[in-house]
Amino acid sequence: MTLQHDAVAGRSAAIRPDLRALVRDDRVHRTLYTDPEIFAEEMVKIFGGRSWVYLAHESQLPEPNSFLSVRMGLRPVIVTRDRAGALHTVFNRCSHRGATLCREQSGVAKSFQCPYHGWTFRNTGELVGTPWPQGYGEDFDRGEFGLHKVARTESYRGFVFATLNESAPALTDWLGPATGWLDYWIDRAPGGEVLVRSGAHRMGYRGNWKLAYDNAGDGYHPAFSHRSLLEMASRMGESKDMAYFGRSPDEGPMRTYMLGNGHSVIDQRPNYEGPGSFWANQRPQPGRERVEEYIRAEYGADADRLLDLCVGSQINLSIFPNLLIIGNQIQVVEPLAVDSTQLSWHATSIGGVPPEINTMRMRTQEDFPAFGEPDDQANFEEVQRGLAAPEAEWVFANRGLNVPGWQEVGPDGVVSSTATDELHMRHYYATWLDLMTPGGVR
Amino acid sequence: MSTEIPSRFADTSSWSYHIGNDYYRELSRQSELLREDWPESTTDELSRATSFLAGEARLVDEGRFNDWLELFTDDCLYWVPVTPGGGEPTVEVSHAFDDRRRLTDRVYWLRTGLAFCQIPASRTRRVIGNVETTVDPSTGDRLVRSNFVVHEFRAGVTKIYPGWYGHVLRSSSDGWRIRLKQVNLLDSDQLHENLTLVF
């Protein structure tokens, strides 16, 4: 029986093929990228119903009563800090007739008043009052009409996640070994002080959200998808920045690590050697020569460390389902529809460095969104277009599967492989399946 | 106003020594001037400014990017802020913050034939209006402000980008050269697909 038959004919949920038949050891079915029903289910289960979801960085909520309006899957939510500093997530949806309460992206507010009929809620969700309360009976209990609260909101060193699942594992357990990689990224900043204070590159593409997740852990594509960037970099001669992806990446020292629960990381750092190496190998950005002269003159022996902080972390850390740490950026995968996705690239500044270093970081963080990411997104859109052919059913993730000597288990139990292994896709699809099918395969 | 550039860094298509704190201060001053109320300009000034903008627009719309690049000064900036109106580029990212070197890179990149986001290339046509002009009292540079609507067709989809330009033009023996082109998209801080066309 072909799995496609049902999808082509149109079907009811009752006869939908078992998702377990759509995720195989070496391939996944095209409908995982094209089927609006599967997408709708993902938005409920994977984006909050069962799993933790990344929502915000604490620096976006800098003071008591700060708020940030974001999406949790397709749910409009407000992440708030109460007057004592604790974090909450509430649906941005009036409990009365459903209008969104908060129509600004961020700000400071102790309470939200619905612009439609004036119901007012504390930033922790409780209903404070309704206009002309005599219109409600004496049994009206304000306690029953608070905003829908997201069960748990937790922060790992500034990274705010939430879940509707009361019985989800502790956030640190869900992150598992990914915490060590986040620690590396955070601790590059002196005192671990990371700041999101710039507007974001909000990039959109006409394709499924998982195309971005497939790509973030993919060490196979750069030599091809980023040919324009690599070619541009050679305009002024030798550039090592990312060029290692083009030269037999399987023979180089880069590794990809599977961190459990769909998280993975590509470590590009072994391509570099010691302090100053990130900076020395960076493709030049505006102001480079001046900032280098100034920092070396002012900071002497400490200059290499500071200059390296202008450059990205050289890890690509993917935290399932929607947080991608790339370079110095915090990238958030925001699905809009089965074939439409927003990728928000939040540029970061850091504390404890001269302002010139942060300015250089801004110039650095403009580079890939301008000359790298658009080529990937063009390819994502072309994948989505290609997947419209129903008879060609499968998307393959079989590179590295059963190849002797590629995967190895580290002392910490973490499985790693060469950077072009598509192990990261096989890895996260196992988690995807678990979250989508109760009592799943594992 | 500008810092002495050491001779080894003189070629600004390869080196970027001149972008320092003084450069950012000057950019901030120019950007503020571009938002101020200006006295009414003469018909002749307006007509010269308008025809310069039309000529520049034609080079971009016809994909003549090498010719377009030649319109810029050595210390130029092609700037497309994310924050509406410009924001503070020392602490915020831009869609484009192209000094001469990065602008040369951008044109080179567009012409590699390998940028898949520009295969097929964007076809664009733009309309420019509401042109105003004055002179920067401290440098003598010509300031020009205008509204634009850029229409783009690419890969089966037509898109529309409204906004306003701020141009700072410097006189040269060859006519005006662009010292600053600030492109203020109406929705610069919002979602955009494939923002790789040239504004």
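Rules used in this analysis
- Residues numbered from 1 in each chain as written.
- Chains lettered and ligands numbered in written order.
- Predicted model: local features only at pLDDT ≥ 70, side-chain atom pairs only at ≥ 80, totals over all residues.
- Heavy atoms only, no water.
- UniProt positions renumbered as here; feature names shortened; annotations may be inferred.
- 1 Å grid on protein atoms, 1.4 Å probe; cavity = no way out; pocket = protein on both sides within 12 Å on 5 of 7 lines; lining within 4 Å.
- Points joined across faces, edges and corners; volume = space filled by probe spheres on them.
- Helix = DSSP H or I, 4+ residues; strand = E, 2+ residues; numbered from the N terminus.
- Patch = residues over 30% accessible without salt bridge, like charges linked within 9 Å, V, L, I, M, F, W, Y side chains within 5 Å.
- Areas by Shrake-Rupley, 256 points an atom, 1.4 Å probe, with all protein chains shown as cover.
- Salt bridge = Lys/Arg side-chain N within 4 Å of Asp/Glu carboxyl O.
- Lys, Arg positive; Asp, Glu negative; His and termini not counted.
- Charge placed at Lys NZ, Arg CZ, Asp CG, Glu CD.
- Buried < 20%, exposed > 50% of the residue type's maximum accessible area, 1.4 Å probe, protein only.
- Axes fitted to C-alpha atoms, helices over the stretch in contact; angles between N-to-C directions.
- Parallel < 35°, antiparallel > 145°, perpendicular 65-115°, else oblique.
- Left-handed = near helix turned anticlockwise from the far one by under 90°.
- Contact = heavy atoms within 4.5 Å.
- Nonpolar A, V, L, I, M, F, W, Y, C, P; charged D, E, K, R; others polar.
- Buried area = accessible area lost by both parts, 1.4 Å probe.
- Polar contact = N/O pair within 3.5 Å; in protein donor to acceptor, adjacent residues only side chain to side chain.
- Pairing = 2+ DSSP bridges.

Named according to an unreviewed UniProt entry, chain B is Aromatic-ring-hydroxylating dioxygenase originating from Prauserella endophytica. Among the UniProt annotations of chain B, the heading Sequence similarities (unreviewed entry) holds the following wording: "Belongs to the bacterial ring-hydroxylating dioxygenase beta subunit family."

Where an unreviewed UniProt entry is consulted, chain A appears under the name Rieske 2Fe-2S domain-containing protein, with the organism given as Prauserella endophytica.

A word on the layout of surface pockets
Residues and elements named next belong to chain A. Size it by volume and the largest pocket reaches roughly 790 Å³. Forming the boundary of the largest pocket are 43 residues, of which L68, S69, Q105, R202 and H346 lie nearest the centre. Mapped onto the lining of the largest pocket, the elements with two or more residues apiece are β2 (53–57), β3 (66–72), β6 (106–108), β18 (329–337) and β19 (340–346). Residue contributions to the lining of the largest pocket peak at 6 residues, all from β3.

Details of a negative patch on the surface
Judged by side-chain charge, A:E138, A:D139, A:D141 and A:E144 come together as a negatively charged surface patch. With respect to the helices and strands, A:D139 occurs in the loop between β9 (127–129) and β10 (152–156).

A closer look at the pattern of salt bridges
Residue and element names in this part refer to chain A. On inspection of all chains with the given rule, the structure shows 41 salt bridges over all chains. A salt bridge links R283 to D367, with the shortest nitrogen-to-oxygen separation between them at 2.1 Å. Here R283, found in the loop between α9 (277–280) and α10 (288–299), pairs with D367, found in helix α13 (residues 367–371); they are 84 residues apart in sequence, far enough to count as distant. Considered together, R283 and D367 belong to a single accessibility category, that of buried residues.

Section: the packing of helix α6 (residues 209–216) of chain A against helix α14 (residues 373–386) of chain A
Residues and elements named next belong to chain A. It is at 10 Å that the axes of α6 and α14 come closest, and there the two elements cross at 130 degrees. The orientation of α6 relative to α14 falls into the category oblique. Here α6 runs over α14; the crossing is right-handed. Only D376, F380, V383 and Q384 of α14 make contact with α6, whose side of the interface consists of L211, A212 and N215. Taken together, the residues of the contact of α6 with α14 break down into 4 nonpolar, 2 polar and 1 charged.

A closer look at the interface of chain A and chain B
Interfaces are often described in size by the accessible area the parts lose on coming together. Every contact between the two is made by 47 residues of chain A and, on the other side, 46 residues of chain B. Of the roughly 4,000 Å² buried between chain A and chain B, counting both surfaces, carbon and sulfur atoms make up 52%. Summed over the three residues of chain A that lose the most area to chain B, namely A:R235, A:E289 and A:R290, the buried surface amounts to 18% of that side. The interface formed by chain A and chain B includes 5 salt bridges. Measuring nitrogen to oxygen at the nearest pair gives 2.6 Å for the salt bridge that ties B:D105 to A:R235. Connecting chain A to chain B are 28 residue pairs in polar contact (both at pLDDT 80 or more). Elements with a contribution of two residues or more to the side of chain A that touches chain B: β13 (201–205), α7 (222–225), α8 (227–233), α10, α12 (355–365), α13 and α14 of chain A. The greatest single-element share of the side of chain A that touches chain B, amounting to 6 residues, is contributed by α12(A). The class makeup of the residues in the side of chain A that touches chain B is 16 nonpolar, 15 polar and 16 charged. Bridge analysis of β13(A) against strand β7 (residues 192–193) of chain B gives 2 bridges, and the strand direction is parallel.

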